[in-house]
Amino acid sequence: MKQIFYKSTRGDRRLFTSSQAILQGISEDGGLFVPDSIPDLTHEINSIVDMNYKELSYLVMSEFFTDFDESELRECVGRAYDSKFDTENIVELKKVSNVYFMELYHGPTLAFKDMALSILPYLMKVSAKKNDFNKDILILTATSGDTGKAALESFSGVDRIKIIVLFPKNGVSKIQEMQMVTQEGDNTCVIGLNGNFDDAQTGVKNIFKDSFFNKKLFDMGYVLSSANSINIGRLIPQIVYYFYGYASMVKNGQIDKNEKINVVVPTGNFGNILAAYYAKSMGLPIKKLICASNDNNVLTDFINKGIYDKNRDFFVTISPSMDILISSNLERLLYLISDCDCSEVKQLMNSLNTNGEYSISQNMKDGLRDFYGNFATQKETLDSIKEIFDSDKYLIDTHTAVAYSVYKKYLEETNDNTKVLIASTASPYKFTKFVMKALDSKYSYMDDFSLIKEMNKIGFVNIPDSINDLENKEILHKIVCDKNQIRTKILDFLNNYK
Ligand SMILES: *Cc1c(COP(=O)(O)O)cnc(C)c1O
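Not measured: the values here are computed from a predicted model.

A.B. asks: I'm lost on the packing of aromatic side chains in this one. Help?
C.D. replies: Aromatic rings in a pair are described by how distant their centres are and how their planes are angled relative to each other. Tallied over the entire structure, the rule returns 16 aromatic pairs. Taking the centre distance of 6.0 Å and the plane angle of 35° together, the rings of phenylalanine 270 and phenylalanine 371 count as tilted. In this pair, phenylalanine 270 is assigned in the loop between strand E9 (261-266) and helix H11 (271-281) and phenylalanine 371 in strand E13 (residues 371-375), connecting sequence segments 101 residues apart. On the accessibility criterion, phenylalanine 371 (5% relative accessible area) is buried. Aromatic ring contacts, followed pair by pair, group Tyr53, Tyr81, Phe85 and Tyr244 into a single cluster. Directly above the aromatic system of phenylalanine 68 lies the positively charged group of lysine 130, at a separation of 5.9 Å from the ring centroid. Lysine 409 extends its terminal NZ or CZ atom over the ring of phenylalanine 375, reaching a point 5.3 Å from the ring centre.

A.B. asks: What am I meant to see in the side chain of serine 19 here?
C.D. replies: Inspection of the secondary structure assignment puts serine 19 in helix H1 (residues 18-24). Among the residues examined, serine 19 registers a relative accessible area of 1% and is labelled buried. Here threonine 17 takes part through its side chain, which lies 3.2 Å from a polar atom of the side chain of serine 19. Those residues within four positions of serine 19 in sequence are excluded, and the remaining contacts are Asp67, Phe68, Ser127, Lys130 and Asn131.

A.B. asks: Could you clarify how one ought to interpret the side chain of threonine 418 in this entry?
C.D. replies: Structurally, the position occupied by threonine 418 is in the loop between helix H17 (398-414) and strand E14 (420-424). Of the polar contacts made by the side chain of threonine 418, one reaches the side chain of aspartate 416; its length is 2.4 Å. Contacts of threonine 418, omitting those with residues within four sequence positions, involve Lys260, Ile261, Asn262, Lys287 and Tyr407.

A.B. asks: Help me understand the packing of helix H6 (residues 146-155) against helix H7 (residues 174-181), please; the structure alone is not making it clear to me.
C.D. replies: A pair of packed helices is captured by two measures, namely the crossing angle of their axes and the spacing between those axes. The interhelical angle for the contact between H6 and H7, taken along N-to-C directions, is 25°, at an axis separation of 9 Å. Comparing their axes, H7 and H6 come out roughly parallel. Handedness of the crossing formed by H6 with H7: left-handed. Residue-level contacts link Asp146, Gly148, Lys149 and Leu152 of H6 to Gln176, Gln179 and Met180 of H7. The residue makeup of the contact of H6 with H7, split by class, is two nonpolar, three polar and two charged.

A.B. asks: Looking at this model, I keep getting lost on the pairing of E13. Mind explaining?
C.D. replies: Remember that side chains alternate between the two faces of the sheet whenever the strand is regular. Of all five residues in E13, four are buried; the element is thus mostly enclosed. Alignment of strand E10 (residues 286-293) against E13, held across five bridges, turns out to be parallel. Residue pairing for E13: isoleucine 290 is matched across the bridge by tyrosine 372.

A.B. asks: So what exactly am I meant to see when it comes to the pairing of strand E6 (residues 161-168) here?
C.D. replies: By the criterion of burial, E6 is predominantly enclosed, with eight of the eight residues buried. Of the two faces of E6, both are covered, the one formed by Ile161, Ile163, Val165 and Phe167 as well as the one formed by Lys162, Ile164, Leu166 and Pro168. Bridge count for strand E5 (residues 136-142) against E6 is six bridges, and the pairing is parallel. Residue pairing across strands places leucine 138 opposite lysine 162, the latter belonging to E6. In this region the chain leaves E5, passes through H6 and returns to the parallel neighbour E6; the handedness of that crossover is right-handed. The sheet contact formed by E6 and strand E7 (residues 188-193) spans six bridges and is parallel. Residue pairing for E7: phenylalanine 167 is matched across the bridge by glycine 192. Following the chain from E6 across H7 to the adjacent parallel E7, one finds a crossover that is right-handed.

Cut-offs applied
Residues numbered from 1 in each chain as written. Predicted model: local features only at pLDDT ≥ 70, side-chain atom pairs only at ≥ 80, totals over all residues. Heavy atoms only, no water. Phe/Tyr/Trp six-rings, centres within 6.5 Å; stacked < 30°, edge-to-face > 60°. Helix = DSSP H or I, 4+ residues; strand = E, 2+ residues; numbered from the N terminus. Buried < 20%, exposed > 50% of the residue type's maximum accessible area, 1.4 Å probe, protein only. Lys NZ or Arg CZ within 6 Å of the ring centre and 35° of its normal. Polar contact = N/O pair within 3.5 Å; in protein donor to acceptor, adjacent residues only side chain to side chain. Contact = heavy atoms within 4.5 Å. Axes fitted to C-alpha atoms, helices over the stretch in contact; angles between N-to-C directions. Parallel < 35°, antiparallel > 145°, perpendicular 65-115°, else oblique. Left-handed = near helix turned anticlockwise from the far one by under 90°. Nonpolar A, V, L, I, M, F, W, Y, C, P; charged D, E, K, R; others polar. Pairing = 2+ DSSP bridges. Right-handed = clockwise from strand over helix to strand, strands pointing away.

Just distances and angles here, no functional claims.
Here it is, written out as structure tokens:
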């Protein structure tokens, strides 16, 4: 098998093995790690049909994590995709009217972030061992709501790893916040930031670049890493479910072998849809990648005009995990559509940093032809939830509803009736307030927790264990801080840790 190495999108020419890239998280020059080539699985498309999720995970990941031994990688996969998921299939596919919802939320924290974060701690442990790492790993992660809990859950109690999660104090749902601040495990720390997700993500990125602070951490025995989708250890496992979703459709007789499908992804940081793009580049028969945004529609404009401009109002919406104006993983797409021109990528990223915008060349714009971009307003999102519930008694969460709404626009504009796979990214139980309000205004006056029971009453599936008694759990994390206090809070946590 071909060895894959990783290098920066911004020109640092050093090559890293996958285990090194996973440990480091982000390149020293501020760029993101990208594989030096994308493996081709075209010849496997027929054989994947009979694989279960674990077998498929192994197949896809072994192509990218080429310095892992077979036994190491199989063990990571086996430990990740087990009974912590509430379905043996790990991912469920539901056909509702004419679309296929790929439910990626059957993991412990009820959002698709579990798909990759269940395996990341195991990948990191193996990576540390392979590289004779003698420091402890400090995971520092910004979250728009779902990554935080999924990362806390998966890293809690893991030996020699500590994790700090930074979330926008007033930018997540009540249930998301409670999931995080009740997290047990003395290696975990949760900080509410006065600011939005972009402030949190920029704060984290600045800390990664701060060599003085990193030296200080190093002397205390720590090396920073990331659990955000800037880490390839998160991105690669996300490719798997696109293969799995496709294979399921073939297996169920819903599409023919090698028939092309469209994929719709509710997008924020561009990680999930980038994984779909990688899957397409590896030979999975995908026609269009439909990038769905909410009112924070910076990506819609980018895909349609080739201009990325974050200088605009920021909206706190009912799909908070997509309330993002700086989509980090887009940098990896820029790298690919510029034919791996690192100096071009670096220039664009500098422009984003200094002017808050950049525009790409005609050549690069041509590389976006596989994408369709549009957005859904909050009203359209709520209407979609109601529409699907009324017609099929099927509930989708607000993020998935953004995807569905944008798909309807796509269909209307193009009449393209290619079969469509919609990434269903969170359980409706995670956003009860918005989802129930969409069904009936009488629910507007009830809080998130009473609405869990109401949602259950209207005939939806059982209440997931993880939120069943969330309301009564003790709040263990109470730190709130401003942007300029993040470093102090990190040091406080590490100093108090015995
Ligand atoms: C994180 C998240 C998204 C956005 O995914 P990206 O990879 O950041 O584009 C969409 N929906 C939900 C529920 C999420 O948690």
